[in-house]
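Residue-level structural notes
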Amino acid sequence: MTVTMEDVAEYLDALAKPQGSMGRLEELAIKLAVVQQRVKVQTKPRRIVLFAGDHGVVESGVSAWPSAVTTAMMETIIAKKATSTALAAAHSADLRLVDVGSLEPVKIGSDKPDFRDARVAAGTADLAIGPAMTVNQFQAAWAVGKAEAKLADDHGFVLLMAGEMGIGNTTPAACVTLLLTNGDAEIVTGRGAGADDTILLNKRDIVAQSAKRAAMLLSDDPVAAIADVSGFEIAAMAGFYAQAARQGSIILLDGYVSTAAALIAEHLVPGTAQKMIAAHLSAEPGHRLALDHLALEPLLEWEMRLGEGTGALTALPLLDSAAALLNDVAKLSDIMP
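Now for a quick tour of the structure. (Residues numbered from 1 in each chain as written. Predicted model: local features only at pLDDT ≥ 70, side-chain atom pairs only at ≥ 80, totals over all residues. Heavy atoms only, no water.)

Attention now goes to the sheet that holds strand 4 (residues 159-165). Read from one edge to the other, the open sheet built from six strands follows the order 3-2-1-4-5-6, with strand pairing classed as parallel. Whereas interior strands pair on both sides, the edge strands pair on one side only; in this sheet they are strand 3 (115-117) and strand 6 (276-278). The average undirected angle you get between the axes of adjacent strands in this sheet is 25°. In terms of strand pairing, strand 1 (residues 46-53) meets strand 2 (residues 94-101) through seven bridges, oriented parallel. (Pairing = 2+ DSSP bridges. Helix = DSSP H or I, 4+ residues; strand = E, 2+ residues; numbered from the N terminus. Axes fitted to C-alpha atoms, helices over the stretch in contact; angles between N-to-C directions.)

Moving on, we get to the pattern of salt bridges. The full count for this structure, using the stated rule, is 11 salt bridges. The shortest N-O distance in the salt bridge between aspartate 320 and arginine 46 comes to 2.6 Å. Residue aspartate 320 is found in helix 13 (residues 310-328), and its partner arginine 46 is found in strand 1; the two are separated by 274 residues along the sequence. Residue classification places aspartate 320 among the partly exposed positions, given a relative accessible area of 23%. A salt bridge links aspartate 94 to arginine 47, with the nearest nitrogen and oxygen atoms 2.7 Å apart. Taken as a pair, aspartate 94 in strand 2 and arginine 47 in strand 1 lie far apart in primary sequence, 47 residues in all. Residue classification places aspartate 94 among the partly exposed residues on the basis of a relative accessible area of 31%. Looking at arginine 47, the relative accessible area reads 7%, which means it is buried. (Salt bridge = Lys/Arg side-chain N within 4 Å of Asp/Glu carboxyl O. Buried < 20%, exposed > 50% of the residue type's maximum accessible area, 1.4 Å probe, protein only.)

Any link to function would need more than the numbers given here.
Here you go:
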């Protein structure tokens, strides 16, 4: 029997509390129950998969940081010294790192069981001067993400998150957002990891021109259009989300780059967004536009913009609270004489 929003709302109204007194937590509980198709929901065990990749567009001056930082941060994640690993440990989330397309592979920790080298290529091409990747490369990256979602489901994880690591990736994220929402280049393009005014203006121009090029392909060949301005880790996250939705997993969405991947997944596999919960609203200006396009309302608005899935990890206690509301609160009829 299908569990509907009305079924869950009726159950919540019957609990030992004033009706609607937990506000948006009740809305979150309803979403969890509808996604899992059960009133008694689960938010554990859970896994976050971090997908990494480099971007040729960094060579066109869109970032304040060099691509070498991507590999350095992957090694920090493997060593469990990153913000993402600290938050994953704090909130009992299994963490896995997948290299989909770094310029330089990691030098330490490549033998760890929670790391996978699945590089499609050593970084994308420079989207400022031509397509970032071929259709075959996009499909290969998508398949990496799809396989990771299947693996997580096979291992019993019921709540899935994706995060990313890739210097310069707010540029392809902005391109994808502009391409799929018909927004404005000024709105979708932010400072990323600390771009100054000169970098921002250059970045905005590149986003506008590249998205315009890709838009010429969108109606006839949407995969080619998206591949034109995407990134390996973004394509992998999109495949991850599409498969996670197909298998009935709860999807907790992170920030701007992750939401760009969600736009791709929803565009290519309509209905995927119905399984998504938006953890937070990023400080990146285009994030609100992307979430609105997916009809998702963020749980937190704390101006976070790190990436690595850290916003999703921070929001996990809210999901646990919503689950506790459904699972552990008595019905009013059971306590009344």
